Amino acid sequence: MRTLKMPSGGRMPVLGQGTWRMGEDPRRRADEVDALRYGIDLGLTLIDTAEMYGEGEAEKIVGDAIEGRRDEVFLVSKVYPHNASRRAMRVACERSLRRLRTDHIDVYLLHWRGSIPLAETFEAFFALREEGKIRDFGVSNFDVEDMEEARQYDRGLTATDQVLDNLMRRGIEWDLLPWCRRHHMPIMAYSPFHEGKLLTKPALRIIAARHEATPAQIALAWLLHQDDVATIPKSSRRERLEENRGALDVKLTREDLAELDEAFPQPTHKVPLAVS
Ligand code: NAP
């Protein structure tokens, strides 16, 4: 698996697995654990979760899936904004570690910006890092202004900004992606299929047919052809995990990229960071 360098010098895999909506229905639990394990077998070792997902139940599913395989996995979890204070973050992180049944998280993200001052949040990140409970820290749903402010406190070590980024939501290309590139910070693109809504678009089908690929693979290949972009599609089905993994083998041509730009134009002005 190709990896991207984080500002700390550590590396993150470019393609992983999301877990939003896992842990919400006990009847699906076995399939969800199986899917994550199968994804790891396929090399999709970056697993993205959050204390919010299923109010801790998704982290428990990840804990089951990585049992005995922690060393193979690059684990990302997120803290709620209301837990992003000095004291509450430690408690939240320890709760996540117990549910994940591990002693460390590879990248711990602030899920979105709340009311706790960023100075305090970054102090809390540094404390957890020094204790070895997290290896790296980062943010999510931060636009350029938030990143500029974070820069005052993060000693240049924010690992990534996890944001909505897919062919239907290209707003970050205007200024956030260039900002992250200038600071050598990879982006982690969430909802790469726009929760499925992207996959019925004719342009994707046409290009997919040319590559004997699927629309989902083209959507992922478009993200992965960009420097410094990792992505975390979510699926609880083995065949789709194979399909998503297969996107790494799709090489888009200049013609494909031009057709995608035509169907899904780049932003021509600042667009506020989208969240759905
Ligand atoms: P997504 O990955 O764009 O789409 C997931 C949906 O697509 C699921 O319904 C899945 O269904 C389906 N799917 C997966 N692979 C497919 C394929 N090959 N063909 C057709 N359908 C396919 O949406 P997402 O879950 O919103 O985003 C991915 C991850 O990003 C999340 O799980 C979460 O970890 C993270 N995220 C973070 C934030 C944040 O605020 N930081 C926000 C949203 C998401 P099946 O499971 O049935 O296959």
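Residues numbered from 1 in each chain as written. Predicted model: local features only at pLDDT ≥ 70, side-chain atom pairs only at ≥ 80, totals over all residues. Heavy atoms only, no water.

Undergrad: So what exactly am I meant to see when it comes to the overall build of the protein chain here?
TA: When its secondary structure is counted, the protein chain shows 10 helices and 10 strands. Taken against the 2.2 N^0.38 rule, which gives 19 Å for 276 residues, the C-alpha radius of gyration of the protein chain at 18 Å falls within 12% of a compact globule. Referenced to the eigenvectors of the C-alpha coordinate spread, the extents of the protein chain come out at roughly 55 × 45 × 30 Å. Counting across all 276 residues of the protein chain, residues that qualify as buried make up 55%. A separation of at least 24 residues holds for 77% of the contacts in the protein chain among residues at least 6 apart in sequence. Summed over its atoms, the accessible surface of the protein chain is roughly 12200 Å², and 48% of this surface lies on carbon and sulfur atoms. Of note, the protein chain has its 41 positive side-chain charges centred 2 Å away from the centre of its 46 negative side-chain charges. (Helix = DSSP H or I, 4+ residues; strand = E, 2+ residues; numbered from the N terminus. Rg over C-alpha atoms; globule rule 2.2 N^0.38 Å. Buried < 20%, exposed > 50% of the residue type's maximum accessible area, 1.4 Å probe, protein only. Contact = heavy atoms within 4.5 Å. Areas by Shrake-Rupley, 256 points an atom, 1.4 Å probe, with all protein chains shown as cover. Lys, Arg positive; Asp, Glu negative; His and termini not counted. Charge placed at Lys NZ, Arg CZ, Asp CG, Glu CD.)

Undergrad: Would you explain the packing of helix 2 (residues 57–65) against helix 3 (residues 86–100) in this entry?
TA: Each packed pair of helices is defined by two parameters, the angle between the axes and the distance between the axes. Viewed as axis vectors pointing N to C, helix 2 and helix 3 meet at an angle of 45°, and their least axial separation amounts to 7 Å. What the angle tells us is that helix 2 and helix 3 run oblique. Residue-level inspection shows Glu59, Lys60, Val62 and Gly63 of helix 2 in contact with helix 3, the latter providing Ser96, Arg99 and Leu100. Of the residues belonging to the contact of helix 2 with helix 3, the class tally is 2 nonpolar, 2 polar and 3 charged. (Axes fitted to C-alpha atoms, helices over the stretch in contact; angles between N-to-C directions. Parallel < 35°, antiparallel > 145°, perpendicular 65-115°, else oblique. Nonpolar A, V, L, I, M, F, W, Y, C, P; charged D, E, K, R; others polar.)

Undergrad: So what exactly am I meant to see when it comes to the site of the ligand here?
TA: Around the ligand, the structure places 27 residues, and the nearest of them are Asp48, Ser140, Phe193, Lys234 and Ser235. At a separation of 3.1 Å, an oxygen atom of the ligand approaches a polar backbone atom of threonine 19. For the ligand, a nitrogen atom lies 3.4 Å from a polar atom in the side chain of tyrosine 53. Protein coverage of the free-state accessible area of the ligand, which is 890 Å², stands at 87%. Sort the elements by how many residues they give to the shell around the ligand and helix 9 (residues 238–246) lands first, with 3 residues. (Near = heavy atom within 4 Å. Polar contact = N/O pair within 3.5 Å; in protein donor to acceptor, adjacent residues only side chain to side chain.)

Undergrad: Sorry, what's going on with helix 8 (residues 215–224) here?
TA: Burial of helix 8 is extensive: 10 of the 10 residues sit out of reach of the surface. Burial in helix 8 covers these residues: Pro215, Ala216, Gln217, Ile218, Ala219, Leu220, Ala221, Trp222, Leu223 and Leu224. Looking at the buried side of helix 8, the elements it contacts are strand 9 (187–190), helix 7 (202–210), strand 10 (229–231), helix 9 and helix 10 (254–263).

Undergrad: Before we go on, may I ask you to explain the pattern of salt bridges in this structure?
TA: Side chains that differ in sign of charge can pair as their charged atoms come close. All chains considered together, the criterion is met by 28 salt bridges. A salt bridge links aspartate 106 to arginine 70; its shortest N-O distance comes to 2.8 Å. Pair noted here: aspartate 106 is in strand 6 (residues 105–110) and arginine 70 is in the loop between helix 2 and strand 5 (74–79), with a separation of 36 residues, a long-range link. Aspartate 106 sits in the buried class, given a relative accessible area of 9%. The exposure class assigned to arginine 70 is buried, which follows from its relative accessible area of 14%. Linking aspartate 175 and lysine 270 is a salt bridge whose minimum nitrogen-to-oxygen distance equals 3.0 Å. Taken together, the positions of aspartate 175 in the loop between strand 8 (161–164) and helix 6 (176–182) and lysine 270 in the segment after helix 10 put the pair 95 residues apart, joining distant regions of the chain. The class for lysine 270 is partly exposed, based on a relative accessible area of 36%. Bridged by salt links that share partners, the residues Arg29, Glu57, Lys60, Asp64, Glu67 and Arg101 form one connected network. (Salt bridge = Lys/Arg side-chain N within 4 Å of Asp/Glu carboxyl O.)

Undergrad: What's the story with the packing of aromatic side chains in this structure? I'm lost.
TA: Given two aromatic rings, their pairing is described by the distance between the two centres and the angle made by the two planes. For the structure shown, the criterion picks out 7 aromatic pairs. Here tyrosine 80 and tryptophan 112 contribute two aromatic rings whose centre-to-centre distance is 6.2 Å and whose plane-to-plane angle is 85°, an arrangement assigned as edge-to-face. You can see tyrosine 80 sitting in the loop between strand 5 and helix 3 and its partner tryptophan 112 sitting in the loop between strand 6 and helix 4 (118–130), a full 32 residues away along the chain. Between the aromatic rings of tyrosine 108 and phenylalanine 125, the centroid separation amounts to 6.2 Å while the plane-to-plane angle is 80°, which identifies the pairing as edge-to-face. (Phe/Tyr/Trp six-rings, centres within 6.5 Å; stacked < 30°, edge-to-face > 60°.)

Undergrad: Please clarify how the nonpolar core should be interpreted in this entry.
TA: One broad rule of soluble globular proteins: the nonpolar side chains tend to lie buried together. Membership of the largest hydrophobic core comes to 68 residues, with the highest contact counts inside it found for Tyr108, Ile218 and Leu260. With 7 residues, the top contributor of residues to this core is helix 8. In this structure leucine 260 touches Leu167, Arg170, Leu204, Ile207, Ile218, Trp222 and Leu252, once residues within four positions along its chain are discounted. Leu46, Val76, Leu109 and Leu164 belong to the second-largest nonpolar core, a separate cluster that totals 22 residues. (Core = buried A, V, L, I, M, F, W, Y, C linked by side-chain atoms within 4.5 Å.)

Undergrad: Got a minute to help me understand the environment of aspartate 103 in this structure?
TA: Mapped onto the fold, aspartate 103 is located in the loop between helix 3 and strand 6. For the pair aspartate 103 and glycine 132, spaced 29 residues apart in sequence, the C-alpha separation works out to 8.1 Å. Engagement of the side chain of aspartate 103 in a polar contact is seen with the side chain of histidine 104, the distance being 2.8 Å.

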